[in-house]
Structures are given as structure tokens and as C-alpha cells.
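Residue strings, one per chain:
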Amino acid sequence: MAESTVDLDNMISPEYFADPYVLFEQIRENDPIHWNALFGFWILTRYDDIYSALQDRRFASTVTPRSSLLASLAPEDLAALPAVAGYLTMFMQGMDPPLHTRQRGLIHRSFTPRMVEHMRERIESIVTELLDAVQAKGEFDLMDDLAFPLPSTVIFELLGIPLELRDSVRRSSETIAAFVSLTTPAPGQLQQMAASLQIVADQLRPIIAQRRTQPQNDFLSSLVQVEEHGEYLSEQELIILITMLLFAGHETTTNLLGNGIFALLNHPRQWELLKANPSLVNGAVEEMLRFSSPVTIISRFITEDLTMDGKRIHKGEQVRLALGAANRDPKHFPDPNAFNITRKPERILSFGFGIHFCVGAALARMESQIVLTELIRRMPNLRIANDSYQWRPNLAMPGLLSLPVKC
Ligand code: HEM
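Residues numbered from 1 in each chain as written. Predicted model: local features only at pLDDT ≥ 70, side-chain atom pairs only at ≥ 80, totals over all residues. Heavy atoms only, no water.

**Student:** So what exactly am I meant to see when it comes to the coordination of the iron atom of the ligand here?
**Tutor:** Think of it this way: four donors in a tetrahedron around the metal ideally sit 109.5 degrees apart, and six in an octahedron ideally sit 90 or 180 degrees apart. On the protein, C358 (SG) is the one donor atom to the iron atom of the ligand, at 2.3 Å. Within the secondary structure, C358 is located in the loop between α17 (323–326) and α18 (361–378). (Donors = N, O, S within 2.8 Å, 3.2 Å for Na, K, Ca; no water. Helix = DSSP H or I, 4+ residues; strand = E, 2+ residues; numbered from the N terminus.)

**Student:** What should I look at first to understand the packing of aromatic side chains in this one?
**Tutor:** Centre-to-centre distance and the angle between the planes together describe a pair of aromatic rings. Tallying each qualifying case throughout the model produces 12 aromatic pairs. Residues F39 and F41 carry aromatic rings whose centres are separated by 6.0 Å and whose planes lie at 10 degrees to one another, so their mutual orientation is stacked. In this structure F39 comes out as buried when scored by relative accessible area, which is 15%. Measuring from centroid to centroid gives 5.2 Å for F291 and F339, while their planes differ by 80 degrees, and the two rings are edge-to-face. On the criterion of sequence distance, the pair formed by F291 in helix α16 (residues 281–291) and F339 in the loop between α17 and α18 is long-range, its members being 48 residues apart. Site record: aromatic cluster; members linked through ring pairs are Y16, F17, Y21 and F24. The lysine or arginine in question, R320, covers the ring of F41, its NZ or CZ lying 4.7 Å from the ring centre. Taking the ring centre of F291 as reference, the NZ or CZ of R328 above it sits at 4.1 Å. (Phe/Tyr/Trp six-rings, centres within 6.5 Å; stacked < 30°, edge-to-face > 60°. Buried < 20%, exposed > 50% of the residue type's maximum accessible area, 1.4 Å probe, protein only. Lys NZ or Arg CZ within 6 Å of the ring centre and 35° of its normal.)

**Student:** Hey, could you run me through the site of the ligand in this one?
**Tutor:** Near the ligand you find 27 residues, and of these H100, R104, R300, H356 and C358 are the closest. Taking H100, its side chain carries an N or O atom lying 2.7 Å from an oxygen atom of the ligand. Between the ligand and R300 there is a distance of 2.7 Å, counted from an oxygen atom to a side-chain nitrogen or oxygen. For the shell around the ligand, the secondary-structure elements that each account for two or more residues are α6 (99–110), α14 (235–265) and β7 (297–302). Broken down by element, the shell around the ligand gets its largest block of residues, six residues, from α14. In terms of residue class, the shell around the ligand is made up of 16 nonpolar, nine polar and two charged. (Near = heavy atom within 4 Å. Polar contact = N/O pair within 3.5 Å; in protein donor to acceptor, adjacent residues only side chain to side chain. Nonpolar A, V, L, I, M, F, W, Y, C, P; charged D, E, K, R; others polar.)

**Student:** I'm lost on the pairing of strand β2 (residues 41–44) in this one. Help?
**Tutor:** Residues in a regular strand point their side chains to alternate faces of the sheet. Side-chain alternation along β2 places F41 and I43 on one buried face and W42 and L44 on a second face that is also buried. Note: β2 against strand β10 (residues 318–322), three bridges, orientation parallel. For W42, the partnering residue across the bridge sits in β10 and is V319. (Pairing = 2+ DSSP bridges.)

**Student:** Teacher, can you tell me more about the sheet that holds strand β4 (residues 139–141) here?
**Tutor:** Strands belonging to one sheet form pairs held by backbone hydrogen bonds; the direction of such a pair is parallel or antiparallel. Spatial ordering of the open sheet is given by β4-β14-β11, a layout of three strands whose pairing is antiparallel. Either end of the sheet is taken by a strand with one partner, and the two such strands are β4 and β11 (383–384). The pairing of β11 with strand β14 (residues 404–406) spans two bridges and is antiparallel. Each residue of the ladder has a partner; that of I384, found in β14, is V405.

Have a look at this one:
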């Protein structure tokens, strides 16, 4: 390992939140399989290491709580832990086979490509409505007026959940995102998370009961009816599944739209190229996903001692896979820090890979392609209005809180 004088551990600085790629590059160049002593986890930054870890069963998804974390929690947070852990461990992202296989199979039977494709026209009309509402003003906030409301409206409608629940889900999503990203929760954070999840659960309960007696043409109705070996999903399983899908389905896509359009507008030649060649829209979305990954880091837990590149990684240790760093690995992406919508296709890791590959990838891509198509058609003069935009302080899901633009 090269001896480094650079601080490779500080992943909670404002500079990191605004641009994690500087640190990712430093880690990849100095110590690509790095033990972050500040937070107590390994971080992998090379594409090939991450790609193989994603297919290695010894890198498990089931959370192994660190005893040091438990010891550090305030009593009120410790009391809230079982409720919160219920969500994180009963959702497929935090499961391993065979539990994962069962839940993923159930979702696949309801969340079909046909169901997603059915949403195309509806997504087009939501984008039209959102742009109609702001175009005449000449200036708007890309996050509040487009990047947040679009994915959340789509996922709520797709699942069949009334939009009135959006504010409480947004609040619980924010606490989930903060919790998932930080290594040690701030005092009171778990308690707050348990409370906001409880509010959403109480709101979902009557809706689930109603779908049992009066099924509709939506994902929730089909989930309620789906059965395996004569078993239906319990009310609690349904609540967790729906809450986590609402979370997985909007926070990430909001980041893709916000970060991606920010990158596009900061590269005016690429924006001009896209306007002149609308057929490049799909390539532009792939480059947005690569250049500013909506999820930069995911977690795994080691099930048996192993050695990687001479480093001994022990059972129970947490390993963070920096998908964002993989997407900028020069071995796979020449000139990786250049934003180039005409890149030759190469497998990006923004949606993960292997058995946990993102269920919503096609939906997120479709939403973003429709947005770009409409923006270049309706708002060719779109530009960043000023530098008052703000980044969310999040270690693993970098995103903008606001982005004032002019059209
Ligand atoms: C740009 C948008 C999105 C990005 C970047 C993204 C990213 C990811 C990533 C990296 C994973 C793998 C996690 C792991 O291996 O630990 C994942 C899994 C998942 N995603 Fe997405 N996602 C996006 C949109 C969506 C949407 C729209 C939905 C739902 C409609 C969704 C639902 C899920 C689910 C359910 C999983 C867990 C799959 C499993 O564990 O088998 N995602 N996503």
C-alpha cells in the first residue's frame, strides 16, 4: 500500500457532499481497498473489485449490527431500534437468499415490464403538467418543481397510493436516507425515524384493507392478492414493502434528475449537442447515471474471513462498495471525469449488479428520457440561474436540495 498524506477518511465534509469523486479518485489511486478508520468500514473503489463483490455471496446484504453502534445509542434510540430494524431487514435490499429470492419473486410477479410501460403516457402527461405550471414564470426550482414531484407522483400512482400521503412519506424517506447513509445515527435519529415510519404505517393500513375487499388495477391490489404456496403477504410485510418501495422509487430518481441535469447544464457543449440531436437522449441519461451516480455507495457485510489484494477482511466487517467510484474508473471509462453523452456503451454500476440489481431501473430510465426530451423541446434556453443551489449532507446518496434555473 502506498503511504499517503491525503486524508482518505473524511466523508462528511461539505466538499465531499458536493463532489465525492475527488475523494473516490484519491482512494482508488492511493489505497483502492481502504479501511476507513474514522467510520470503521472498508471501502472498495475499483470497478473490477466492486463488480466481483456484487456477485460474491460472502459479501452479504443482511445487516450485522456492530456492538459498538449498539453501545453508543441513547436509551430512547435503543428502544426504537427494533421498529427501525424491522424495516431494514424485512425489505429485500437488506436480505440474502432464500428470503431475498422469495420477496423478489413476489415483486416480479406484480411489478412487470408491461406495468411499467403502461405508465409511459401517464409520465408524459405529468411532465407536461409540471412544465406548464412553471414555463410562463421564466424561472423555477428544478428540484421542487420537477425532480421531486415527478418520481414521487409516478411511484405513488403506480403503487396505487393516494398522493395525500406524499408529505409524510417524504419526511420518512428523508430520515431513512440519512440513516442509511450515516455510520452512526445522531442522538434521537432512530426515535424520529421510528415515529415517522409509524405515521406512514397507520396511513397505509386502511388502504391495504380496502384493496383486499375492492381490488383495483394497481400494484398494491396485485401485491395483496399475490400468494406463494397458499401464503399471502401479511399486513406488516405489505406495509414495509410499500414504504420501502416508495422510498427506493423516488429519492433515487430525484437525484438522477437533479444531479444529471445539473451536470448537463454545466457542460453547455453537451447540452447544445443534445438539442441538435434529440436521438442522443438515451445516451445522455446513461451518462448522467455514470457521471453523477444517484447512489454512490452501497453496503455489504462479510460472512467469513477473506483476503483481497493482500488485505485481510474479517467476518462481520462492513464493506462499502463505491458504485460512483467504479463508474469513474479509468480502466473502464476513458477520460472518466469528462461528461460525454456520446460514450460507447459499457456496463455502468449505478443500479448495482447481480441478484439485487435495481427493480426500478427501467422506470427511472424512462422517466428521465421523457424529461430530457421535453426539456430540449420546450426549454432550449434552460440554464442554472445562480449559485445558490445546495447539496444534501448525505454520504451515499448525493443530491441537490434546490437548483434555481431560468428557462
Ligand atoms: C435512478 C434511480 C435509481 C437508482 C440509481 C437505483 C439504485 C439502486 C441500486 C444501486 C440498487 C442495488 C442495491 C444493492 O445491491 O444493495 C437498487 C436496488 C433496488 N431498487 Fe433501485 N434505484 C433507482 C430507482 C428505483 C425505482 C424507481 C424503484 C422502484 C420502483 C427501485 C427499487 C429498487 C428495489 C426494490 C431494489 C432492491 C432490489 C433487491 O434487493 O433485489 N429503484 N436500486
